[in-house]
Every structure is written in C-alpha cells, then in structure tokens.
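Chain by chain, the residues:
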Amino acid sequence: MKNASQARRAAVIVNAGSRQGKKAYQRAVDMLTEAGVPVATTHAVTEGDDIAEITKQVIADHDLVIVGGGDGTVGCVAGVAAGTDVTLAILPLGTANDFARTLELPRGLRAACGTAAHGKVVDVDLGRANGRPCLNVASVGLSVSVTEALTPRLKRRLGRLAYPVATLRAYRRHIPFRARLEFHDGISDPLEFEDLLQVAVGNGRHYGGGNTVAPSAGIDDHALDVYAIVRGSIRDQVKIARRLKDGRFVEHDRVHHVTTRAMTLVTDEVLPVNVDGEIATETPCRFEIERNAVHVVVPQAATSASLDGLRAR
C-alpha cells in the first residue's frame, strides 16, 4: 500500500481514556466514514491493557488500523503491528503528541481524519527498550521524575504547559546518578559517567511536548541518538534548557551525544526507564533499533520519512 486510499478494510482504535479520546471517538468514526475510509470495526478502549490485545485481533483481517490517543497508546499499537504489512494512521488525541509532530501530522481532528483517508504511506523505525516499543525517546534520570510529577490533573489543567511545570518540580528533588554505556555495533568503547542528570535514547525527532532529540535526528535514519547530560552549574542547565526545542543542547560541553544501533545502559542502582512518557522497564536496559518496522500514513507533503520497505535490525 502506497496510499491510504488503497485500504480495503480499516479498524479504528481510540483510547477513550486519553485527554480528548472520549469526546472524539464517535466524531472520528463519523469523519473517517465521510472521508471514504472503509471502516469495518471500531473500538473505544478505556483500559490501557486492552489496547495490545485488540490490536492483535484486528491486524489479522484489516490492512489499515487508525489509532487515536497519545504517544503511549500509539506506541503500544505500533509495537504489535511492527514487522507486519498493516499500515497505521494516527489521530493525535494525547497531550504531547510528539510522534504526530515528528510525522508532520495535522493537529485538528478533521484534518487528521483527512490524512488517514488520503495520505501517503511511509516506513518508520521503531526503538526497543528491553523489548518495549519506543517511538520517541526512552530515558533514565530527570525525565522519570518529570513523568512522576506530570499527574493527570496537571495535564488536564495546563495541557502542554504541564511539561515545563513538571520539569521544574522534578529538578528540585532530582538525585544525580552514575551510568555506563555499552555499545554493541562497534562504534565506540564503553563510556562511563558520574553525576548525571539524564541519559536519553531517541528513536524519533521530538519528545517532551515539542523538544528535539538532536538537530539531525529522524524517525527513519536507522539510528538511535543517545545523549548523557552531566550535572553542572545552574547557568549550564539554563543554557541547555534554552536549546531543548531545536536540539542544539547536544552541542553543550556538559552533554555527550553519540548515535548507535544498539546499546546497553548500566547503572549502579536499578533505575526506572521512561519510555514515551510512561515508566515501562528498568536498568540494565538494552536499546536497539528496528529499521523500517512500521508503515504509517502521513500527509502527502510530509518529508519526515519515505517508503522503501527494507526492514532489518
């Protein structure tokens, strides 16, 4: 399938527990049908644990799965669909919607439904963190504290502004840590760091409500962008924070940036790992890339990825 209009049978899966999912579910189904999408089955999911099981059921007899929700929901569906011939279309119904931003998807529901109906199909890479699917970024350290501070109530009250507020709260109580980065593709000897604020492993381009992993990061570049931030002065941290949006923070001398296809992160103490905004696993953690793992619908004019169909680890 090169274009969404070639789909023969589509399933709609919406996380009705997401920020906008409950009120958007029926509207989305109606808009998709009006746009000519061959909607065969629809699923409003209220329990996160049900999303993977429903996805397994629908990919057996649908060639297009339209998923509505935040990055966690989309990542779960993508993890199940990876390596199959099923194509995904995304309705961005979460708070951050970083995967949608990476793919240059429109934010409005009607426009997103239009893309699902008439967009082009591209291949995107999928990261794995101890086997868990990762579309955007997996990380250890400060981001975990941010996730813990980013309560559902705060997101409902502030929307995307909840991210900087949660970051400030987390920074005040963060405890630095030590880590060892072991690379499995021969690009570098192991790296060891002390007094770390964060280690992050990026598959896509955007994370954290619009921050950029690195200036050259992409969703189909077949590489993981890894960065480690060493604690410095307040002035250092302010300079780094100011450059998060465009990814130029990786140029700061307190930030160490490398690209790899596979890496293991080892910490002195077992630490939780944040995967696309959710605590999903812990260290030691192996990160790897699945090249061209998922087919995704994007706007016809999007340039974030292409269709070449060559899948490999």
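Along each chain, numbering runs from 1 in the same order as the chain's sequence is written. The model is predicted, so local features are restricted to residues of pLDDT at least 70 and side-chain atom pairs to those at 80 or more, both for listing and for counting; the totals for chains, interfaces and linings are taken over all residues. Note that the side-chain values use all heavy atoms of the structure and ignore hydrogens as well as water.

Asks: Please give an account of the overall build of the protein that cites residues and values.
Replies: Of regular secondary structure, the protein possesses nine helices and 17 strands. Here the globule rule is a power law, 2.2 Å times the number of residues to the power 0.38, and the radius of gyration is based on C-alpha atoms. The C-alpha atoms of the protein give 19 Å as radius of gyration, which agrees with the globular expectation for 313 residues (20 Å, within 12%). With the C-alpha coordinates aligned to their principal axes, the bounding extent of the protein is approximately 55 × 45 × 35 Å. When checking whether two residues touch, look at their non-hydrogen atoms; a contact exists if any pair is within 4.5 Å. Of all intrachain contacts in the protein linking residues separated by at least 6 positions in sequence, the fraction that spans at least 24 positions is 72%. Surface exposure of the protein reaches about 13900 Å², of which carbon and sulfur atoms provide 48%. The sign given to each residue is positive for Lys and Arg and negative for Asp and Glu; His and the chain ends receive no count. The atom standing in for a charge is NZ when the residue is Lys, CZ when it is Arg, CG when it is Asp and CD when it is Glu. Between the averaged position of the 38 positive side-chain charges in the protein and that of its 36 negative side-chain charges there is a distance of 8 Å. Secondary structure follows DSSP: runs of H or I at least 4 residues long count as helices, runs of E at least 2 residues long count as strands, and numbering of each begins at the N terminus. Here the accessible surface of atoms and residues is derived via Shrake-Rupley with a 1.4 Å probe, and residues count as covered only by protein chains that are part of the display.

Asks: Which residues make up helix 5 (residues 109-118), and what values do they have?
Replies: Between buried and exposed lies partly exposed: a residue is buried under 20% and exposed over 50% of the maximum accessible area for its type, with that area taken using a 1.4 Å probe on protein chains only. Of the residues making up helix 5, those classed as buried are L109, A112, C113, T115, A116 and A117. On its buried side, helix 5 packs onto helix 1 (21-34), strand 3 (64-69), strand 4 (87-92) and strand 17 (285-298).

Asks: Could you give an account of the packing of helix 1 against helix 5, naming the residues involved and the relevant values?
Replies: To obtain an axis, a line is fitted to C-alpha atoms, over the contacting stretch when the element is a helix, and the angle between two such axes runs from 0 to 180 degrees between their N-to-C directions. Between helix 1 and helix 5, the least distance of the axes is 9 Å, while the angle of their chain directions is 45°. The angle between helix 1 and helix 5 places the two elements in the oblique class. For the element pair helix 1 and helix 5, the recorded crossing hand is right-handed. Taken together, the residues of helix 5 that come into contact with helix 1 (itself represented by A24, R27, A28, M31, L32 and E34) are L109, R110, C113 and A116. Residue classes follow a fixed rule: Ala, Val, Leu, Ile, Met, Phe, Trp, Tyr, Cys and Pro count as nonpolar, while Asp, Glu, Lys and Arg count as charged, and any other residue, Gly among them, counts as polar. Split into classes, the residues belonging to the contact of helix 1 with helix 5 amount to seven nonpolar, no polar and three charged. If an angle is under 35 degrees, it is roughly parallel; if it is over 145, roughly antiparallel; if it lies from 65 to 115, roughly perpendicular; otherwise it is oblique. In this scheme the handedness of a crossing depends on how the near helix is turned from the far one: anticlockwise by less than a right angle means left-handed, clockwise means right-handed.

Asks: Account for the packing of aromatic side chains, naming residues and giving values.
Replies: By convention, a stacked pair of Phe, Tyr or Trp rings (six-membered ring in the case of Trp) has centres within 6.5 Å and planes under 30 degrees apart, an edge-to-face pair has planes over 60 apart, and any other such pair is tilted. Scanning the model with the defined rule gives one aromatic pair in all. On the basis of an interplanar angle of 80° and a centroid distance of 4.8 Å, the ring pair of Y227 and F249 is categorised as edge-to-face. Here the residue Y227 occupies a position in strand 12 (residues 224-230), and F249 occupies one in the loop between helix 9 (234-242) and strand 13 (255-260), the gap between them amounting to 22 residues. Of the two residues examined, Y227 and F249, each falls in the buried class.

Asks: A description of unusual backbone geometry should follow, citing residues and the corresponding values.
Replies: Across the junction of T283 and P284, the peptide omega takes the value 0°, indicating a cis bond. With respect to the helices, strands and loops of the structure, P284 is situated in the loop between strand 16 (278-282) and strand 17.

Asks: Help me get a handle on the nonpolar core, residues and values and all.
Replies: The set of buried Ala, Val, Leu, Ile, Met, Phe, Trp, Tyr and Cys residues whose side-chain atoms join them within 4.5 Å is what this entry labels a nonpolar core. Within the largest apolar cluster, 31 residues are counted, with the highest numbers of intra-cluster contacts made by L88, I90, F99, L103, V124 and V294. Elements with a contribution of two residues or more to this core: strand 1 (10-15), helix 2 (49-58), strand 3, helix 3 (71-81), strand 4, helix 4 (98-102), strand 5 (120-129) and strand 17. L88 has contacts with L64, V65, V77, A78, A81, V294, H295, V296 and V297, leaving out every residue within four places of it along the chain. Grouped together as the second largest cluster of nonpolar side chains are 25 residues, M263, V273, A280 and I289 included.

Asks: Describe in detail the pairing of strand 1, supporting the description with residues and values.
Replies: Judged by how many residues are buried, strand 1 sits mostly within the fold: six of six residues are covered. Side-chain alternation along strand 1 places A10, V12 and V14 on one buried face and A11, I13 and N15 on a second face that is also buried. Only strands that DSSP links by at least two bridges are regarded as paired with each other. As paired strands, strand 1 and strand 2 (residues 39-45) are joined by six bridges and run parallel to one another. The residue bridging I13 from the neighbouring strand is H43, located in strand 2. One ladder, built from five bridges, connects strand 1 with strand 3; its direction is parallel.

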